[in-house]
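# Summary of structural features
So you can see what is in the structure, the chains are spelled out below.
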Amino acid sequence: MRITSLQFYDYRAFYIAKAETGKTKYVIDTEGKNLMIYGENGSGKTSLIKGLNDFINQKDFTSHNQSDLLDAGFIEIKLDDGTIDRFEASGKKGAKSELLNVSKLNSFISYKELLRTHFEEVDEINFFQMLVSNILSEHELTSLGKLNDAWKNESAKDFKKEFDAINESKQKEEITEEEAFEQIEILKENYKNAYSKFSTELDQLIKLINENINTLLNYFNQKLSIEFTLEPITPGNVHDPVINAKVEYAGKKIDSHHEFLNEARLSAIALSIYLAALKSNPTKNALDVIFLDDVFIGLDLSNRLPLLDILSKEFSNSQIFLTTYDRHWFEVAKRYLGSTWKSIEMYASEVENQKFEEPLILTGLDDHFEKALAYLKLKDYPASLNYLRKEIESLVSERLPEELARVIEGKPQALSHRWKLLIDYYNDCGKGELIKDSIRKEFDLSRLSLFNPQSHDNLSSPVYQFELRKAVALIEEIRKIPIINTTTLLIKDSVLTFKHPKVNYHFTFQLLEDWRFIKEGDKIVHIYPKCKPVTWSYNDVEYWDFVNNRAYSKEELERHLSWDPKLDKVQETLGKMVILKIDKEMFEKNTSFENLWSISSVLSENTKVKSNWLERIFGKK
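Residues numbered from 1 in each chain as written. Predicted model: local features only at pLDDT ≥ 70, side-chain atom pairs only at ≥ 80, totals over all residues. Heavy atoms only, no water.

Within the span of helix 5 (residues 147-156), buried status applies to L147, N148, A150, W151 and E154. An end-on view of helix 5 places all buried positions within 155° of arc, on one side of the element. Projecting away from the buried face of helix 5 at angles above 90 degrees are the exposed residues N153 and A156. In this structure, the buried side of helix 5 is in contact with helix 4 (128-135), strand 7 (140-141), strand 8 (145-146) and helix 7 (177-217). (Buried < 20%, exposed > 50% of the residue type's maximum accessible area, 1.4 Å probe, protein only. Helix = DSSP H or I, 4+ residues; strand = E, 2+ residues; numbered from the N terminus. Arc of directions from axis to C-beta. Contact = heavy atoms within 4.5 Å.)

Laid out in structure tokens, this is it:
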């Protein structure tokens, strides 16, 4: 069973004026598909998710704060079995059991929930309350029922109170010392058995969660694994129970993982925890629906695509509502997910004669290109021109790595500059032939103001249909250029140090871009990042100049520290220092980051084949 449409009527951001009553406003037709929602700040995106959450969890209805409709507001959900259910300002709650049972799935996941798994200023995070009372609260234990209810029963037991009562009876001589001893032993055994049974059944659930978590983590290709372990429940720790998380990165246990790992890896762990709980939830007679609200915030592009793979492959039977405020990512994800998803865009629109805004929901025209074609057909050439430019900007940006497509000081780089970056990037990847010469020529020779950064502000200049048609043809060709799927080897800002095993020499440098590679069968193509030297020394003399046998002067050093070559150029330069006799094997084994992992181990873990990336530099087999 799936949701086929939603309607919001005078709920939170969804304002209805008296003059509009009776009209069908704020209706979202999902067609029973997964729904991806783009919404700028203040667009009503959060109100949409909160409305579904309030409906399913039987909360109180929240009318628009400017409403004067006297409890006329409602949220209506239509299902593909033809039934309709309503949640109303008048006090009526939803009645459809399949909808209300969704609350047992804990399937509303937002970035704030993800933060709870790692945003704590403690040495080690105790996951007990988070898992037992929240994420897994509705899971059924083997014989004790719902986890959270079972835990409330166990934690409500008061061993000390019963122990004191026996001692008091002994002191009042109501029972003998032998009888008191016997009752205390029975009491201890009963508590031990009860806590042992609860611990055993909870441990079984945790093992299932561990298995599902690591299955999902494998999608992210981050060399991560996690294992939850429950410390046995006893009368002594019943009020402070502990579930620990053993996190390994690249095969090494990480203490205080929330302090060590970067945000993308922490977000990957958090998402895997929540989604593993959903995958393990045995709740029946509930709509299989998942709500993910802005969960991409902590993920870079290399982790966002794996999340889409997880949703497509591991939750193919679920109906998913996915929101994002990232416009560029919205466009990339739409194309990646395909026809099983529907998308809408939400914008904040001013209410006439009012000082507040209401949601404007756009459906039907799914992307800039469709909008451009629609306006071209209507002969609204300036509007068509704007959307053509936006489309080509989007196409170029989505084919670039995130750091190359970045926005600088709130402004995107010039389109012509990004086009050059795209050409260089595909050439570096060994994929330059994917951008045909005819496409390059048409882009370079085009006289369209489409490629003029001021085109948005200069719509008075003539725009002819013929030129727009040529732009359409060019965009259709650019859309055919495949997006290169790369794997991140080391992230931007990683600091690496080469330490010579025989000579007192070290060289430290920092990556200015992600180090990525493409794997095609057994072939590895590296996309080397720019990097900068940080420090080096020879025989304890910092910044040693091997050519002149002295340390660099201050002026010389400034020039060398401003050097930002590609990584292969750095490697080539080190290889030319004859006195050091650095060969391929030495460099791979003795260049490391975080003082833990050598480049050779990183390459081995990621590529699973013997890399030839230094053979090109040192010319050795």
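Turning to the sheet that holds strand 9 (residues 224-230), a few remarks are in order. Spatial ordering of the open sheet is given by 9-10-11, a layout of 3 strands whose pairing is antiparallel. Two strands in the sheet have a free side with no partner beyond their single neighbour: strand 9 and strand 11 (252-254). The average angle at which neighbouring strand axes cross in this sheet is 35°, direction not considered. Pairing between strand 10 (residues 243-249) and strand 11: 3 bridges, direction antiparallel. Its bridge partner lying in strand 11, E248 is registered against K253. Strands strand 9 and strand 10 of the sheet are contacted by helix 7, whose axis makes an angle of about 175° with strand 9. The strands that helix 9 (residues 263-280) touches are strand 9 and strand 10; relative to strand 9, the one it contacts most, it runs at about 50°. (Pairing = 2+ DSSP bridges. Axes fitted to C-alpha atoms, helices over the stretch in contact; angles between N-to-C directions.)

In this structure the tally under the stated criterion is 28 aromatic pairs. Seen from their ring centres, W536 and Y543 are 5.0 Å apart, and the 85° between their planes marks the pair as edge-to-face. Pair check on accessibility: W536 and Y543 agree, each one buried. Taken together, F8, Y11, F14, Y26, F55, F61 and F87 form an aromatic cluster joined through their ring pairs. Above the face of the F74 ring, R86 is positioned so that its terminal group lies 3.6 Å from the ring centre. Above the plane of the ring of F315 lies K279, whose end atom (NZ or CZ) is 5.5 Å from the centre. (Phe/Tyr/Trp six-rings, centres within 6.5 Å; stacked < 30°, edge-to-face > 60°. Lys NZ or Arg CZ within 6 Å of the ring centre and 35° of its normal.)

A word on the sheet that holds strand 21 (residues 515-520). Sheet architecture is open: 3 strands sit in the order 18-21-22, paired in antiparallel fashion. The open sheet terminates on both sides in strands that have one partner only, identified here as strand 18 (487-490) and strand 22 (523-527). Between one strand axis and the next, the sheet turns by 35° as a mean value, whatever way the strands run. The sheet contact formed by strand 18 and strand 21 spans 3 bridges and is antiparallel. When the sheet's bridge partners are listed, T488 is paired in strand 21 with R516.

What follows concerns the side chain of D309. Counting through the fold element by element, D309 comes out in helix 10 (residues 301-314). Buried and without a salt bridge, D309 has K313 as its closest oppositely charged side chain, separated by 4.7 Å. In contact with D309, other than residues within four places in its own chain, are Y219, E314 and Y336. (Lys, Arg positive; Asp, Glu negative; His and termini not counted. Salt bridge = Lys/Arg side-chain N within 4 Å of Asp/Glu carboxyl O.)

The next point concerns the packing of helix 4 against helix 5. Viewed as axis vectors pointing N to C, helix 4 and helix 5 meet at an angle of 120°, and their least axial separation amounts to 8 Å. As judged from the angle between their axes, helix 4 and helix 5 are oblique. Contact residues: F128, Q129, L131, V132 and S133 in helix 4; L147, N148 and W151 in helix 5. When its residues are assigned to classes, the contact of helix 4 with helix 5 shows 5 nonpolar, 3 polar and no charged. (Parallel < 35°, antiparallel > 145°, perpendicular 65-115°, else oblique. Nonpolar A, V, L, I, M, F, W, Y, C, P; charged D, E, K, R; others polar.)

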